[in-house]
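Residue strings, one per chain:
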Amino acid sequence: IGDRNLIEGNTITDMGQDPIIMGGTNVVVRNNLIQGMNCTWTVCDANHHLDGMQTSGFTLSYSLLEGNVVRDCTDPTGNCHFFLVRNVNTISPAADTIIGRYNYGYNLEEGGFQFGGATDSTPNGHAYNNTFAWESILPENGHSIGFTNAPNGVAINNILYNTGAGWWSPTYGNAVGNYNLAFSS
């Protein structure tokens, strides 16, 4: 956590906690491999789940996630994200202008990128040229890129395979989505 940090070229395997928790301004997270996250090694419940990369309650602004791979998460809550950004309440610091591009997520049980939540304001999230593929369509969750209380979000040119289930759209929320390819087997 800090300004102008570069997190690059790491291989992180067999984690029972969130592998990368970040905060700051002008943070770059590039070309990392995260695999084998497993909730059986820690407590996961309705309030605790695994995410490959997360910021929650920290400032994260004008930052870039690029060329990362996050795959294979076992989480009994069915709630494992590639990247989750929240500013948990109205007094939390800003989470603004975060770009995710050229990332690959596979077999994560939930969402690729999730910008915001029910009580957040996480504006200007952008997702370009990412690929998210789930091994099988999940019975309930399974969106790829979500924007909740995240104004001015953009999802363009993403490939989304087996990520929609039930009434879920591969992208959802208050964002512009164009030229995304979504399909199921």
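Cut-offs and rules
Residues numbered from 1 in each chain as written. Predicted model: local features only at pLDDT ≥ 70, side-chain atom pairs only at ≥ 80, totals over all residues. Heavy atoms only, no water. Buried < 20%, exposed > 50% of the residue type's maximum accessible area, 1.4 Å probe, protein only. Helix = DSSP H or I, 4+ residues; strand = E, 2+ residues; numbered from the N terminus. Pairing = 2+ DSSP bridges. Disulfide = S-S within 2.5 Å.

Most of strand S10 (residues 81-86) sits inside the fold, with five of its six residues counted as buried. Bridge analysis of strand S7 (residues 51-56) against S10 gives five bridges, and the strand direction is parallel. Note on S10: the bridge partner recorded for Gln54 is Leu84. Across three bridges, the pairing between S10 and strand S13 (residues 113-115) is parallel. Bridging from a neighbouring strand, Phe83 pairs with Phe113 of S13.

The next point concerns the state of the cysteines. In the structure shown here, the tally under the stated rule is one disulfide. Through a disulfide, Cys73 is tied to Cys80; the S-S separation comes to 2.3 Å. Judged by the sign of its S-S torsion, about 105°, the cystine formed by Cys73 and Cys80 is right-handed. As far as the burial class goes, Cys73 and Cys80 line up, both buried.

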